[in-house]
Amino acid sequence: MKILVCISKAPDTTAKISFTENDTRFNEDKVQFIVNPYDEWYALVRALELKEQHGGTVTIVTVGEPDVDPIIRKALAIGADEAVRINAAPVDSYFTAKQLAIYAKDKNFDLILTGKETINYNGSQVGGMLAELLELPYVSVARKLDVNGTEATIERDLPAGTEVIEGSLPLVVTCAKGMAEQRIPNMRGIMAARTKPLTVVEAADLKPLTTIIKYSLPPSKGAVKLIDPENMDELVSLLHNEAKVI
Amino acid sequence: MSVLVFADAPHGKLAKSASETVYYGKKIADKLSSTVTVVTYGNIDQATLAALGNYGASKVLVNPEVTDENDQTLTALCVEAAAAESATVIIFSFDPTGKMLAPRISAKLEAGLVAGAIAIPEMEGDTFVVRKNVFSGKAFADCAIHTDIKLISLMPNSVKPVQTDAQASVENFTPEITTGKLRFKELKAISTEGVPLTEAETVVSAGRGLKGPDNWGIVEDLAHELGAATACSRPVADIGWRPHHEHVGQTGIAIRPNLYIAAGISGAIQHLAGVNGSKVIVVINTDPEAPFFKAADYGVIGDAFEVLPRLTEAIKKFKASN
Ligand SMILES: Cc1cc2nc3c(=O)[nH]c(=O)nc-3n(C[C@H](O)[C@H](O)[C@H](O)COP(=O)(O)OP(=O)(O)OC[C@H]3O[C@@H](n4cnc5c(N)ncnc54)[C@H](O)[C@@H]3O)c2cc1C
Ligand SMILES: Nc1ncnc2c1ncn2[C@@H]1O[C@H](COP(=O)(O)O)[C@@H](O)[C@H]1O
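Quick caveat, the model's predicted, so the values are computed rather than measured.

### A look at the sheet that holds strand β1 (residues 2-6) of chain A
Next up, step 1: As summarised here, the arrangement of the 10 strands in space is β13(A)-β7(A)-β6(A)-β1(A)-β8(A)-β12(A)-β9(A)-β10(A)-β11(A)-β11(B), forming an open sheet in which the pairing is mixed. Each edge of the open sheet carries a strand with a single partner, namely β13 (198-202) of chain A together with β11 (183-189) of chain B. Adjacent strand axes in the sheet meet at a mean angle of 30 degrees when their direction is disregarded.
Next up, step 2: The sheet contact formed by strand β7 (residues 82-87) of chain A and β13(A) spans 5 bridges and is parallel. Counted as the bridge partner of A:Arg85 is A:Val200 from β13(A).

See below:
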């Protein structure tokens, strides 16, 4: 089975969020970057488990500039076989998805996995766009994925319950919690990752469909109003009369 | 020219989010001097569909032949409806179905999509500028859509629909579309008697401070009394005290209820990321230094095992006297 896992760089979850250039760019100064957690914990690890069960290869691909190479090495250390970097700054989801589609077309991947969303842009878009561009069926926010021959069984959580879906490969699936357990790379993995192939391909010249023109931070909360733990009637009264939420 | 709203109808039931997306679509249509058409599917009774007029729909197109949330089938249905109605704006809910459809349609029509919008767009000439959450709710981004057709998926609980008594006209809409390849087998219902977390207006949440899964009764009692959904912090879901679908935060679900009550949760930045869109936050914690107090509107420094039951009683009393 040939599996492609799309990974993205994301700021560490504790990173300070601030902006530069007139609030038009995320301030990367002193920010640590990680593999987007959904891509690493769920998409990549599930791909590795499927490879362990069925044989095959796991390729990781990212649209990014050379600064993402360290996170690519991390994903290789966890166990991916090879990596491809499409050399461009990902300007919007469509731009990213189209670059990925141009790369993946004609490569006959049986399964393409992405994370549920990037924790910086929170779009949940790239997977669906990629599926449409490749004309493949698509399951969003999956929490379970099993493969038997050329058939896949997928579960995803909806507000009403868990939906069970079947489909024939090839498929695009975005991975959410439940899919797999996080793996910590070991020393052997880290050593091996240094010599695994990382191919850089040139990006196509494409225009984005959307642009972020300004970032802002939520207004900071006023000071917390403390309530006597013995006096919950007061809290209820404040929630009713002041906050008007009950 | 019209504003098209896709209303999800999983398993034959119109999604609650339809009132929000239709109302949101109507706000945009008013600015464009146009009207709202809804496209939906499945076997839904006429009255329910006509009632979407209450929120601003003029017309509802329904395809009763489509019965499951097949990504490719529904994409084709929306694309046909957009063409039939000459839609220049298409609205979705930012829920699992919206996350499946909106990106597909965006790629198909090469139409710019803002996913997870939290406000009505500003219109600048032919460009829409739409605000959305980024960095898991820690910041906002104003996104410009440059294309002629504009796609927006709306974060649940971002608008408060106002109802009128207008009715929409309902038409069957059965264009020639090819059925998608996925097969939908079953829906294993989860045992929530209550409200789904993402749609809930009030959420009662608890963390490791509750000490063990057997202690959740006091959380559920309060939630029951408030008609609230229950949620939890990540470690609580990871150790299996609570089901995974209750995990809120940066790596769980992001929610924006009117009222979020957190007991025994420290308020780590990754937890806050999923809940700081809540309108009002109440924090109950024994530790006055818990970081959550900085993000709270109301704080109770005290033992959840005493405070929660006391709060439940106070709510009961309040309900009885109102
Ligand atoms: C990459 C990454 C992603 C993460 N994503 C998430 C996420 O999505 N969601 C999430 O929640 N976490 C997430 N975390 C974990 C997060 O950092 C915290 O570890 C977690 O939120 C802590 O959970 P907690 O508050 O329940 O437990 P603790 O931090 O152990 O806090 C328990 C709190 O309960 C209080 N307490 C104890 N006894 C009582 C009592 N009797 N009455 C009242 N209060 C009491 C304590 O004072 C303490 O403040 C993530 C971490 C990482 C590294
Ligand atoms: N620059 C990128 N390169 C490769 N894959 C990406 C990139 N950005 C996003 N993805 C994938 O698409 C998923 C959804 O991203 P998003 O649409 O930004 O929420 C991520 O979890 C990744 O798997």
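### Considerations on the packing of aromatic side chains
Next up, step 1: Counted under the stated rule, the structure contains 13 aromatic pairs over all chains.
Next up, step 2: Considering the side-chain rings of A:Tyr38 and A:Tyr42, the 6.0 Å spacing of their centres and the 50 degrees angle between planes classify their relative orientation as tilted. Of this pair, A:Tyr38 and A:Tyr42 both sit in helix α1 (residues 37-54), 4 residues apart, roughly one helical turn.
Next up, step 3: A relative accessible area of 1% places A:Tyr38 in the buried class.
Next up, step 4: You can call A:Tyr42 buried: its relative accessible area is 6%.
Next up, step 5: Aromatic pair B:Phe6 and B:Phe92: ring centres 6.3 Å apart, planes at 40 degrees, arrangement tilted. Of this pair, B:Phe6 sits in strand β1 (residues 2-6) while B:Phe92 sits in strand β4 (residues 87-93); the two residues are 86 residues apart in sequence, bridging distant segments of the chain.
Next up, step 6: The class of B:Phe6 is buried, set by a relative accessible area of 3%.
Next up, step 7: By the ring-pair criterion, three or more aromatic residues cluster together here, those being A:Phe19, A:Phe26, A:Tyr121, A:Tyr215 and B:Phe135.
Next up, step 8: Stacked on the ring of A:Phe109, the Lys or Arg A:Lys2 has its end atom at 4.9 Å from the ring centre.

### Comments concerning the site of ligand 2
Residue and element names in this part refer to chain A.
Next up, step 1: What surrounds ligand 2 is a group of 19 residues, the closest being Cys 6, Asp 39, Thr 118, Ser 124 and Gln 125.
Next up, step 2: In this structure, Gly 123 approaches ligand 2 through a main-chain N or O atom, which is 3.1 Å from an oxygen atom.
Next up, step 3: Between an oxygen atom of ligand 2 and a main-chain N or O atom of Val 126, the distance comes to 2.9 Å.
Next up, step 4: In isolation ligand 2 exposes 480 Å². Once the protein is present, 96% of that is buried.
Next up, step 5: Listing elements by their share of the shell around ligand 2, those giving two or more residues are β6 (57-64), α3 (93-104) and β8 (111-115).
Next up, step 6: With 3 residues, β6 is the largest single contributor of residues to the shell around ligand 2.
Next up, step 7: Each residue belonging to the shell around ligand 2 can be placed in one class, and the counts come to 7 nonpolar, 10 polar and 2 charged.

### Brief notes about the nonpolar core
Next up, step 1: Ranked by size, the top nonpolar core spans 76 residues in total, and within it B:Tyr24, B:Val38, B:Leu52 and B:Ile152 carry the most contacts.
Next up, step 2: Of all hydrophobic cores here, the second largest spans 43 residues; its members include A:Met1, A:Tyr38, A:Ala193 and B:Phe184.

### What to know about the pairing of β1(A)
Each regular strand displays side chains that alternate between the two surfaces of the sheet.
Residues and elements named next belong to chain A.
Next up, step 1: Here β1 lies mainly inside the structure; 4 of its 5 residues are buried.
Next up, step 2: Pairing of β1 with β6 involves 5 bridges; the strand directions are parallel. Looking at β6, one finds that Val 5 is bridged to Ile 60.
Next up, step 3: Taken together, the 3 bridges between β1 and β8 define a ladder with parallel strand orientation. Following the sheet pairing, Leu 4 is matched in β8 by Ile 112.

### As for the sheet that holds strand β12 (residues 202-206) of chain B
Next up, step 1: The 6 strands are arranged β15(A)-β16(B)-β15(B)-β14(B)-β12(B)-β13(B) in an open sheet whose pairing can be described as parallel. Because the sheet does not close on itself, it has two edges, and the strands there are β15 (225-226) of chain A together with β13 (229-232) of chain B.
Next up, step 2: Pairing geometry for strand β14 (residues 259-263) of chain B and strand β15 (residues 280-285) of chain B, over 5 bridges, is parallel. Across the sheet, the residue bridging to B:Leu259 is B:Val280, located in β15(B).
Next up, step 3: This element, helix α8 (residues 304-320) of chain B, spans β14, β15 and β16 (298-301) of chain B of the sheet and lies at about 135 degrees to β15(B).

### Quick notes on the site of ligand 1
Next up, step 1: In the region of ligand 1, 28 residues are neighbours, and B:Ser233, B:Thr251, B:Ser266, B:Gln270 and B:Asn285 sit closest.
Next up, step 2: Ligand 1 is flanked by residues contributed from chains A and B.
Next up, step 3: A total of 990 Å² of accessible area belongs to ligand 1 in isolation, and the protein chains cover 79% of it.
Next up, step 4: For the shell around ligand 1, the elements supplying multiple residues, two or more each, are α6 (234-238), α7 (269-275) and α8 of chain B.
Next up, step 5: Residue classes in the shell around ligand 1 are distributed as 7 nonpolar, 16 polar and 5 charged.

Calculation criteria
- Residues numbered from 1 in each chain as written.
- Chains lettered and ligands numbered in written order.
- Predicted model: local features only at pLDDT ≥ 70, side-chain atom pairs only at ≥ 80, totals over all residues.
- Heavy atoms only, no water.
- Pairing = 2+ DSSP bridges.
- Helix = DSSP H or I, 4+ residues; strand = E, 2+ residues; numbered from the N terminus.
- Axes fitted to C-alpha atoms, helices over the stretch in contact; angles between N-to-C directions.
- Phe/Tyr/Trp six-rings, centres within 6.5 Å; stacked < 30°, edge-to-face > 60°.
- Buried < 20%, exposed > 50% of the residue type's maximum accessible area, 1.4 Å probe, protein only.
- Lys NZ or Arg CZ within 6 Å of the ring centre and 35° of its normal.
- Near = heavy atom within 4 Å.
- Polar contact = N/O pair within 3.5 Å; in protein donor to acceptor, adjacent residues only side chain to side chain.
- Areas by Shrake-Rupley, 256 points an atom, 1.4 Å probe, with all protein chains shown as cover.
- Nonpolar A, V, L, I, M, F, W, Y, C, P; charged D, E, K, R; others polar.
- Core = buried A, V, L, I, M, F, W, Y, C linked by side-chain atoms within 4.5 Å.
- Contact = heavy atoms within 4.5 Å.

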